[in-house]
Amino acid sequence: MSEPVWQRGDLLGVAELSRAEILHLLDTAESFVEVAARPIKKVPTLRGKTVINLFFEPSTRTSSSFEIAEKRLSADNINFSTSSSSLSKGETLLDTARNLEAMAPDLVVIRHAHPRVPHALAERLASGVINAGDGAHEHPTQALLDAFTIRRRKGRVEGLKVAIVGDIAHSRVVRSNVLCLTKLGADVTVAGPRPMMPEEPESLGARVVYSLDEAIEGADVVMMLRVQLERQARAAFPSEREYFEFFGLTAERLHRANDGAIVMHPGPINRGIEIASDVADGPWSVILEQVANGVAVRMAVLYLLAGTKSGEDGATP
Ligand code: CP
């Protein structure tokens, strides 16, 4: 008998995932899409499971998407943030996590400003751990929902030309996306101003250019990244006007991309800095589809991980 494709109890990064695991996860997410169209948006798949959401950095999309995914799967969930927990009284993260684990959750979802905090927790906790973004390191569920959105829109990922443009140095989204899209056979180019590139940009595993126009020439997918003003990115360019002039995506520039190209952005958007409003809201944009698809992808992640940890294969959707 062949081994099941999915055997992981944690989702820490795309780096660890094989192409077969990514495809299995995307296929599983397909089966959850229709739940959002039901009058009663709920399946009993994770009834009796408990999920703790620990967000130590701000989040709108990822935190609400996980929470909705958990509720649609009938899991019980609780949410912690730095300000509402005893971390604000000086308790260490590990002590907080150990105390929460004493209440026997099945899964812990964590976002933290420091790279590899989810990995450290996964080594110490019996519960499954899901990385919801760790510093500038990885954001695996964002990359998976991006790949899912591309595959739904284009029918495939293999062979597509994908341009990822902007604040490459500070972006966990680019790291996870380059890993995910290249494993699925896409031809990925990253572009940004030199001060917003990491020290060894080639180590990302994509073609590197320093011009928006060059990156999007012939692209099937244009993914714009948020200028991370909170991660010292402002010092990397003289003014927002100048950034937009050289690296802002406008409708005029988009004509360099292939016919039918789609425009993506992980959000939150800085309108008028990395993307013009008429592009973000225009016919090329799949930005809100990314958000909608994120719920189905996170349902798939929760379903696969909960089944693995508990040793049960939960009820199918
Ligand atoms: N894409 C993303 O991670 O958005 P949030 O920071 O709002 O979660």
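Reading the values: rules and limits
Residues numbered from 1 in each chain as written. Predicted model: local features only at pLDDT ≥ 70, side-chain atom pairs only at ≥ 80, totals over all residues. Heavy atoms only, no water. Pairing = 2+ DSSP bridges. Helix = DSSP H or I, 4+ residues; strand = E, 2+ residues; numbered from the N terminus. Axes fitted to C-alpha atoms, helices over the stretch in contact; angles between N-to-C directions. Contact = heavy atoms within 4.5 Å. Near = heavy atom within 4 Å. Polar contact = N/O pair within 3.5 Å; in protein donor to acceptor, adjacent residues only side chain to side chain. Areas by Shrake-Rupley, 256 points an atom, 1.4 Å probe, with all protein chains shown as cover. 1 Å grid on protein atoms, 1.4 Å probe; cavity = no way out; pocket = protein on both sides within 12 Å on 5 of 7 lines; lining within 4 Å. Sits in = over half its atoms within 2 Å of the grid points. Nonpolar A, V, L, I, M, F, W, Y, C, P; charged D, E, K, R; others polar. Domains from an automatic or database assignment.

Colleague: Help me understand the sheet that holds strand β6 (residues 187-191), please; the structure alone is not making it clear to me.
Modeller: Two pairing modes exist for strands in a sheet, parallel and antiparallel, and in both the strands are linked by backbone hydrogen bonds. What the five strands build is an open sheet, ordered β7-β6-β5-β8-β9; its pairing is parallel. Here the strands that pair on one side only, and so sit at the sheet edges, are β7 (207-209) and β9 (262-264). Going across the sheet, the axis of each strand differs from the next one's by a mean of 20 degrees, ignoring polarity. Examined bridge by bridge, strand β8 (residues 221-224) and β9 share three bridges and lie parallel to one another. Bridge pairing in β9 links valine 222 to valine 263. Sheet contacts for helix α5 (residues 140-154): β8 and β9; angle to β9, the most-contacted strand, approximately 165 degrees.

Colleague: Where do I start with the sheet that holds strand β4 (residues 128-134) in this structure?
Modeller: With parallel pairing, the four strands of this open sheet are ordered in space as β2-β1-β3-β4. Of all the strands in the sheet, the pair left with one neighbour each is β2 (76-81) and β4. Each adjacent strand pair in this sheet contributes to an overall mean axis angle of 15 degrees, direction not counted. By the bridge criterion, five bridges tie strand β1 (residues 50-55) to strand β3 (residues 107-112) in an arrangement that is parallel. When the sheet's bridge partners are listed, isoleucine 52 is paired in β3 with valine 108.

Colleague: Is there a simple way to explain the site of the ligand in this structure?
Modeller: Every residue close to the ligand is listed here: Ser59, Thr60, Arg61, Thr62, Arg111, His139, Gln142, Pro266 and Gly267. At 2.7 Å, a side-chain N or O of threonine 62 approaches an oxygen atom of the ligand. In the complex, 91% of the free accessible area of the ligand, which totals 250 Å², lies under the protein chains. Mapping the ligand onto the cavity grids shows that it belongs to the largest pocket. When grouped by side-chain class, the residues that make up the shell around the ligand number one nonpolar, six polar and two charged. No fewer than three residues from each of domain 1 (19-138 + 292-309) and domain 2 (140-286) sit in the shell around the ligand.

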